[in-house]
Structure formats: C-alpha cells, structure tokens
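Breakdown of the fold
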Amino acid sequence: MRRALLAGNWKMHLNIAEAVDLARGVVEAAAGCSDRDVMIAPPFTALSAVAQALQGSQVFLGAQNVAWEAKGAFTGEIAPPMLKDIGVRMAIIGHSERRHIFGEDDAMINRRLRAALEFGLTPVLCLGETLEEREGGKTMAVLEAQLRSGLQDVPTGQAEQTVLAYEPVWAIGTGKTATTEQAQEAHAFLRGLLASFYDKNLAETVRILYGGSVKPDNVDALMAQADIDGALVGGAALKIDSFKRIVRFQ
Ligand code: PGA
C-alpha cells in the first residue's frame, strides 16, 4: 500500500510572517492524519522560518528546486547540502514553470534529480504535456520521454525513493482539472513505464501525485483512483481552509 502524499507548492508567494502562519495551520491540519504524508514547499526566503514552525510535527519541508552541485559558482542556485542544513527533506524538480518559463531542459532536470538523491533529498519529479501536445495525441510520448530522461542513470535503489508528479501543463493554475479518467490513464501509463525501466516491485512502490487545479471539491475523486497516490497543489495550498480539506481527503 502506498502512503498518500499531499504536497503544497507555494510558488513565489508569501512573506516570512505569512508563511509561518500558514505552516502552523498546516501542522494543525495534518495533526492526527497518521496514515498520510504532508509536505509544504515555501519560497526559499521562508524555508528557515518555516522549518522552525514545523519542528516536532509530521509535516515535511520541501524546496521548489535544487542545484546539481554541492557548491560553487552558480549564481542564484541553492545547493542540496544547504537545503539539508535547514531541514529540507524533499525537492520539487522539473516543475512545468521551470521547464517552460525558465527553459530548464531534461538534462538539467536529470542532474538536479540525481543530486537531490545523492544528498538524501526526496525528489518530486514533475512531468506533463502541454495542451498542444495533448491535442496532437502526443501525451504518452511526451511523458515517456520526460520520465526516461528524468530518471536516466538513476539506479533502482534511488529510483524507488523518487516521487513523480503528473501535472498536465494546461491544468496548472487554470482551474481546468484533468478528468479523473485522464489523470488515472496517465498515472497508470507512468507506472507501467516504471515497471519496464526497472521492475514491477519498484513500479508498485513509487508514489505518483496528480497536480493541476486540485481543489477541495475534486480531491476525493482524484484520490479514489487506483494509481493516484497524492496531490501537488498550488493555488489551493495557499489558503488553510482549502489545503486542510485536501490534506483530509476521504
Ligand atoms: P495549481 O498548481 O494547483 O495552482 O494548478 C499546481 C502546481 O503547479 O504544482
């Protein structure tokens, strides 16, 4: 049985005081939910303060990206040991905003993922097709290419610690959610790919989250799908009432 993971991606929102406030709300929301994991990924500027707010709780701290080197001349990047140093446990990698706005390519994403694993951070590897790709019937080919290159040179022992997030680009921040059938189809396809790249055991172990306009009113139906193991939530993670309902999906 895979453990559900409800993750909030706060993107470029919230100052330190707001972030700490929301983090405290998430701790309360997650209290007593011992059968699921909860993660929040604040902006880098709030990580340290949020780490303190999470102390003694079961909520994992996540980063929104991670560099591929331990240190060096990489202006604007944050190294994995720096994140570990302040208590970060997970890192979102290859988010569609990184791919499409900032031009991160598959090779870069693979390097980030391998560095995260090497330094003991759990990567959340994001994958997803654009609207044009979906309408052109290319969804599965795009997912396969992204997964293959994302996991290139990642051995079984590390791949099984990786979390995947299927996030159709056309559903992110648009209010359009993939139907539960579309999401389940993509998740089952990704799980099948994991079985073929590695083995069936690994495929059954790896958690695959859905992301893209997850809200209180669609989370239960999404989570009821056989291959949907959690959610990566943007907009609805910024309000405690909606994120609490998502964390407490039924
Ligand atoms: P959204 O964002 O929930 O606002 O659509 C999801 C994401 O980008 O991870």
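Coordinates for the structure precede this section.
Residues numbered from 1 in each chain as written. Predicted model: local features only at pLDDT ≥ 70, side-chain atom pairs only at ≥ 80, totals over all residues. Heavy atoms only, no water.

**A closer look at the pairing of strand 5 (residues 122-127)**
Regular strands have side chains that alternate between both faces of the sheet. Extensive coverage of strand 5 is indicated by the burial of five of its six residues. Two strands pair when backbone bridges link them, and strand 4 (residues 90-93) and strand 5 are joined in this way by four bridges, in the parallel orientation. Paired with isoleucine 93 across the strands is leucine 125, a residue of strand 5. Bridge count for strand 5 against strand 6 (residues 163-166) is four bridges, and the pairing is parallel. Paired with leucine 125 across the two strands is leucine 164, which belongs to strand 6. (Buried < 20%, exposed > 50% of the residue type's maximum accessible area, 1.4 Å probe, protein only. Helix = DSSP H or I, 4+ residues; strand = E, 2+ residues; numbered from the N terminus. Pairing = 2+ DSSP bridges.)

**Points about the site of the ligand**
Taken together, 13 residues sit near the ligand, with Lys11, His95, Glu167, Gly173 and Ser213 positioned nearest. Glutamate 167 has a polar side-chain atom sitting 2.6 Å from an oxygen atom of the ligand. The residue makeup of the shell around the ligand, split by class, is four nonpolar, seven polar and two charged. (Near = heavy atom within 4 Å. Polar contact = N/O pair within 3.5 Å; in protein donor to acceptor, adjacent residues only side chain to side chain. Nonpolar A, V, L, I, M, F, W, Y, C, P; charged D, E, K, R; others polar.)

**Here we look at the pairing of strand 4**
Judged by which residues are buried, strand 4 turns out to be covered on both faces: Met90 and Ile92 on one side and Ala91 and Ile93 on the other are all buried. Looking at chain direction, strand 3 (residues 59-63) and strand 4 are connected through two bridges and run parallel. Across the sheet, the residue bridging to glycine 62 is methionine 90, located in strand 4. Handedness of the strand 3-helix 3 (residues 80-85)-strand 4 crossover: right-handed. (Right-handed = clockwise from strand over helix to strand, strands pointing away.)

**Notes on the nonpolar core**
If you look at soluble globular proteins, the nonpolar side chains tend to sit buried side by side. If you look at the biggest cluster of nonpolar residues, it comprises 67 residues, and the most contacted ones within it are Ile40, Val50, Leu147, Leu164, Leu190 and Tyr210. Not counting residues within four places of it along the chain, the set of residues in contact with leucine 190 comprises Leu127, Leu143, Leu147, Leu164, Tyr166 and Ile208. Within the second largest apolar cluster, 13 residues are counted, among which are Leu5, Met39, Ala41 and Met90. (Core = buried A, V, L, I, M, F, W, Y, C linked by side-chain atoms within 4.5 Å. Contact = heavy atoms within 4.5 Å.)

**Regarding helix 5 (residues 106-118)**
Taking 1.5 Å per residue, 13 residues should reach 18 Å; helix 5 reaches 18 Å between its end C-alpha atoms and fits that length. For helix 5, the full list of buried residues reads Ile109, Asn110, Arg112, Leu113, Ala115, Ala116 and Leu117. The inward-facing, buried residues of helix 5 abut helix 3, strand 4, helix 4 (96-100), strand 5, helix 7 (139-150) and helix 8 (156-159). (Expected span 1.5 Å × (residues − 1).)

**Notes on the environment of valine 163**
Mapped onto the elements, valine 163 comes out in strand 6. On a C-alpha basis, the gap between valine 163 and isoleucine 92 in space is 9.2 Å, while along the polypeptide they are 71 residues apart. Setting aside anything within four residues of it in sequence, one finds valine 163 in contact with Leu5, Thr122, Pro123, Val124, Leu125, Arg207 and Leu209.

**Concerning empty space enclosed by the protein**
All told, the structure shown has one cavity of 30 Å³ or more when counted by the stated rule. For the largest cavity, the calculated volume is near 40 Å³. Taken together, Gly94, His95, Ser96, Arg99, His100, Cys126, Leu127, Gly128, Gln146, Glu167 and Val169 make up the full set of residues lining the largest cavity. Among the elements that take part in the lining of the largest cavity, helix 4 stands out by supplying three residues, more than any other. Residue composition of the lining of the largest cavity, by class: three nonpolar, six polar and two charged. (1 Å grid on protein atoms, 1.4 Å probe; cavity = no way out; pocket = protein on both sides within 12 Å on 5 of 7 lines; lining within 4 Å. Points joined across faces, edges and corners; volume = space filled by probe spheres on them.)

**What about the environment of glutamate 167?**
Within the secondary structure, glutamate 167 sits in the loop between strand 6 and helix 9 (180-197). In contact with glutamate 167, not counting residues within four places along its chain, are His95, Cys126, Leu127, Gly128, Ile172, Gly211, Gly212 and Leu232. One polar contact links glutamate 167 to histidine 95, side chain to side chain, over a distance of 3.3 Å.

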